[in-house]
There are 2 protein chains.
Amino acid sequence: MCLIMESDEHNSDGDVLAPPFNFSMVEDGIYRSGFPRPDNFTFLKTLNLRSIIYLCPEPYPEENLKFLEANNIKLFQFGIEGKTDPPTPMPKDTILDALKVLVDVRNHPILIHCNRGKHRTGCLVGCLRKVQSWCLSSVLEEYQKNAGIKWRQMDLNFIEAFDTVSLRKCLLSIMYRYHGKRRRLAYEEENVQTPKPQAAKV
Amino acid sequence: MCLIMESDEHNSDGDVLAPPFNFSMVEDGIYRSGFPRPDNFTFLKTLNLRSIIYLCPEPYPEENLKFLEANNIKLFQFGIEGKTDPPTPMPKDTILDALKVLVDVRNHPILIHCNRGKHRTGCLVGCLRKVQSWCLSSVLEEYQKNAGIKWRQMDLNFIEAFDTVSLRKCLLSIMYRYHGKRRRLAYEEENVQTPKPQAAKV
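The name that an unreviewed UniProt entry assigns to chain A is diphosphoinositol-polyphosphate diphosphatase, with the source organism given as Capsella rubella.

Caption draft 1: Representation of the packing of helix α3 (residues 92-103) of chain A against helix α4 (residues 120-131) of chain A within the structure. Residue and element names in this part refer to chain A. The N-to-C vectors of α3 and α4 enclose an angle of 65°; their axes lie 10 Å apart at closest approach. In the packing of α3 onto α4, the handedness of the crossing is right-handed. Of the residues in α4, those in contact with Ile95, Ala98, Leu99, Leu102 and Val103 of α3 are Arg120, Cys123, Leu124, Cys127, Leu128 and Val131. Among the residues making up the contact of α3 with α4, the classes are represented as ten nonpolar, no polar and one charged.

Caption draft 2: Looking closely at helix α6 (residues 153-161) of chain A. All names here are of chain A. Those residues of α6 not exposed but buried are Asp155, Leu156, Phe158 and Ile159. Taken around the axis of α6, the buried residues stretch over an arc of 160°, which confines them to a single face. The inward-facing, buried residues of α6 contact α3, α4 and α5 (136-147).

Caption draft 3: The arrangement of α5 of chain A in detail. Under the 1.5 Å per step criterion, the end-to-end length of α5 of chain A is 16 Å for twelve residues, consistent within 8% with the ideal 16 Å. Inspection of α5 of chain A places Ser138, Val139, Leu140, Glu142, Tyr143, Lys145, Asn146 and Ala147 of chain A among the buried residues, and these make up the whole buried set. At its buried positions, α5 of chain A is contacted by β1 (24-27), β2 (30-33), α4 and α6 of chain A together with β1 (24-27) and α5 (136-147) of chain B. Looking one or two places after α5 of chain A, you find Gly148 of chain A, whose phi comes out positive at around 60°.

Caption draft 4: Region of interest: the pattern of salt bridges. Applying the stated criterion across every chain, the model contains six salt bridges over all chains. Of the charged contacts in the structure, one is a salt bridge between Glu142 of chain A and Arg129 of chain A, with a shortest N-O distance of 2.8 Å. Placement of the pair is Glu142 of chain A in helix α5 and Arg129 of chain A in helix α4, with a sequence separation of 13 residues. Arg129 of chain A carries the same exposure label as Glu142 of chain A, and that label is buried. Between Asp104 of chain B and Arg106 of chain B there is a salt bridge whose closest N-O contact spans 3.0 Å. The exposure class assigned to Asp104 of chain B is buried, which follows from its relative accessible area of 4%. Judged by its relative accessible area of 38%, Arg106 of chain B falls in the partly exposed class. Here the residues in one salt-bridge network are Glu27, Arg129 and Glu142 of chain A, joined through shared partners.

Conventions and cut-offs
- Residues numbered from 1 in each chain as written.
- Chains lettered and ligands numbered in written order.
- Predicted model: local features only at pLDDT ≥ 70, side-chain atom pairs only at ≥ 80, totals over all residues.
- Heavy atoms only, no water.
- Axes fitted to C-alpha atoms, helices over the stretch in contact; angles between N-to-C directions.
- Helix = DSSP H or I, 4+ residues; strand = E, 2+ residues; numbered from the N terminus.
- Left-handed = near helix turned anticlockwise from the far one by under 90°.
- Contact = heavy atoms within 4.5 Å.
- Nonpolar A, V, L, I, M, F, W, Y, C, P; charged D, E, K, R; others polar.
- Buried < 20%, exposed > 50% of the residue type's maximum accessible area, 1.4 Å probe, protein only.
- Arc of directions from axis to C-beta.
- Expected span 1.5 Å × (residues − 1).
- Salt bridge = Lys/Arg side-chain N within 4 Å of Asp/Glu carboxyl O.

Rendered as C-alpha cells:
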C-alpha cells in the first residue's frame, strides 16, 4: 500500500482512512481483517486488491459486491460456520482449499476476512505460517494477538494438528516450475489433476 | 519476505523459523517486534533487512551487533526510557526523529523494536499511521492489539496528540520530488535546511 497518502492524489478531501476492524498485514500482498464495511472502502482502494478470501457462509452484501466489481476484485468464498452450538471443528479441507488460493501469487494483493477476523481468518493465517515453517509458539502467539480475549483452544488445537509436510511440497510444485535456473509461476488447475511423471507438476 | 521457504534453499535443515516475540508486518518493507534474540536470527535473515530502529537506551547486545554487521544491517538507536517511576511521557522529538528514519525508503526493509514491542514501538507505529491518515480509532486499535493487557492510556494520549499536519508535508518534500511525471527519491539532510525552489534535490 502507499506509505503516505498525498493530498493531491488519492485523498484530496483530506479524509482520514478507516481500515476494516482488526486489520493487519500478513505478508507482502496478503492482508487480514474483520468484515469490511462501506466506510472502509476508501482505505481498501489503497491496497489495490486483486482478490478477497471470504470465510463465512452468508451471502456477500450487495454493496460489497458492487465495490468489488467496480475495482475488479475477485471474490473467493469458503463458507465456514462461525460460532456453533455445540462447537464444530474448523473444516480442514475447506481451509486447505482456501490456502491454495491464498498462496497463489496471481491472486495477490489479497485480503482474507471473516466476520471479526479472529477465528476463521486466524486459523487460515495460522496454517499459512506453518507452511512458512514458523515455529508453533510464534504461530499461536500471532493467532492470540489477533483474537484477543476471544481466542479459542479449539482453534489452537486445529492449527497445531494441521499437517503441512506433504502440503508444502505440493504447493511449491503447484506454484512454481523451474526452467533451468529461472523460476516462474506455472500453475494450471487442470494440470493438477493429470500430473505427468518426470515433468514438474502443475 | 519469502512467502514459502524452500527446503533446498534457505532452510536446508528443515529448521522451523522463530520470529521475534510480538512480530508483525506494518507495511511493505516495515516490520515491528519485541527484542530479537539469537534464535530469531535465522528468521530475520529472511526479511533481508537493511536497517533496524532500536528504541531503548541500553547498549545493543554484542551478539546482535555481530548479526547486524554480518548481514550489513544499519542500526538506528533512539534511546527512549521504558517504564519509569513516576511515568514520563513519550519524548515527542525523539519519536519524530525515528519517524524520519522510518519513512525514508532507502532504509527499508526496516525492523522497529524496543523490548516487548508494545509501548515505544507502538507509539512510533501509531504516529506513522497518523502520517498515513489512518483514522484515530484504527490507530489506537492497532496499538492495543499489539500491547495487549499492557496498553497504557498515556501512550494513547501521546498518539492522539501527536501533530502530523505539518509533518506530512515536510516528509513528503523530504522523501520525494517530482521530475515531470517521474517520481524519485531525493532526500538529502542538508538540502532540507536549504531548499532550492524549482530545483530537484538529491
